[in-house]
Amino acid sequence: MNEYFECTRVGLDFLEQTRNVFKAEEIVRATPDQIFEVFEDAHAWTVWAKPNQNVEWTSPQPFGVGTTRTVSMMGGMDGYEEFIAWEPGKRMAFTFVGCNKDATEKFLEDYRVTDLGDGSCRVEWYMAMEPRGFSRHMMWLTRPIMRMANRRMFRKFREYTENRVAAAQGQSTSSTAS
């Protein structure tokens, strides 16, 4: 059994309460439903979000506010998450309720989807955090690196989602032609 360190649960207002907020934004050629299909696919997170090595939904579908999942990340860290916003096709957000390493005090991710009406969406990803211990003194140094890494990772989200949609459309087209 892993050790368990409780994190301070936060609400959506945490984005305005910390200096450690990172934002990435992409225009994705996909519908809101297709984007949420990627969000709900545990394996997809391990492809586009490379730090995630395993994602396990620990609540049954349908997912919503209160849903939980466990994410195993590089470095042997497990994050225990609870969803605090869930609006299919529009928004989802989660907070850490605990981790197996005593390194995180507060953590929030917030994903916002805006349908642009032309078969594409603007997807905004906010990540906010307050680390514990020595790490909290190093945020001034790691902030620019994290900002760049998150933007690169979210470009991978766009590429993954668009490739998945194109593959599904190709299958639909070929199955209709048969």
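Scroll up a little and you will see the structure.
Keep in mind that what you see is a predicted model, and the values were worked out from it rather than measured. (Residues numbered from 1 in each chain as written. Predicted model: local features only at pLDDT ≥ 70, side-chain atom pairs only at ≥ 80, totals over all residues. Heavy atoms only, no water.)

### Structural notes on the nonpolar core
As a rule of thumb, nonpolar side chains are buried together in soluble globular proteins. Ranked by internal contacts, the top residues of the largest apolar core, which has 40 residues, are Ile35, Phe39, Trp48, Tyr111, Val123 and Phe157. The element that contributes the greatest number of residues to this core is helix α3 (residues 139-177), accounting for six residues. Within the second largest apolar cluster, eight residues are counted, among which are Phe14, Leu15, Leu108 and Tyr126. (Core = buried A, V, L, I, M, F, W, Y, C linked by side-chain atoms within 4.5 Å. Buried < 20%, exposed > 50% of the residue type's maximum accessible area, 1.4 Å probe, protein only. Helix = DSSP H or I, 4+ residues; strand = E, 2+ residues; numbered from the N terminus.)

### So, the layout of surface pockets
Taken as a whole, the largest pocket spans an internal volume of roughly 820 Å³. Taken together, 36 residues line the largest pocket, and the ones lying closest to its centre are Pro51, Met73, Met127, Met129 and Met146. Those elements that provide at least two residues to the lining of the largest pocket are α2 (42-48), β4 (68-73), β5 (77-87), β6 (91-99), β7 (104-115), β8 (121-131) and α3. Among the elements that make up the lining of the largest pocket, the one with the highest residue count is α3 (eight residues). (1 Å grid on protein atoms, 1.4 Å probe; cavity = no way out; pocket = protein on both sides within 12 Å on 5 of 7 lines; lining within 4 Å. Points joined across faces, edges and corners; volume = space filled by probe spheres on them.)

### Digging into the pairing of β7
Bridging between β6 and β7 involves five bridges; their strand directions are antiparallel. For Thr95, the partnering residue across the bridge sits in β7 and is Leu108. Remark: four residues form the turn of the hairpin made by β6 and β7, two consecutive strands paired antiparallel. Note that β7 and β8 share eleven bridges and pair antiparallel. Pairing of Glu109 across the sheet is with Met127, part of β8. Here β7 folds back onto β8, and the loop between the two strands holds five residues, one of which, Gly117, carries a positive phi near 80°. (Pairing = 2+ DSSP bridges.)

### A short note on the side chain of Thr67
When you line up the elements, Thr67 lands in the loop between β3 (52-57) and β4. Owing to a relative accessible area of 5%, Thr67 belongs among the buried residues under this scheme.

### Remarks on helix α1 (residues 32-40)
Of the positions making up α1, those classed as buried are Pro32, Ile35, Phe36, Val38 and Phe39. In a view along the axis of α1, the buried residues occupy a sector of 150°, so they form one face of it. (Arc of directions from axis to C-beta.)

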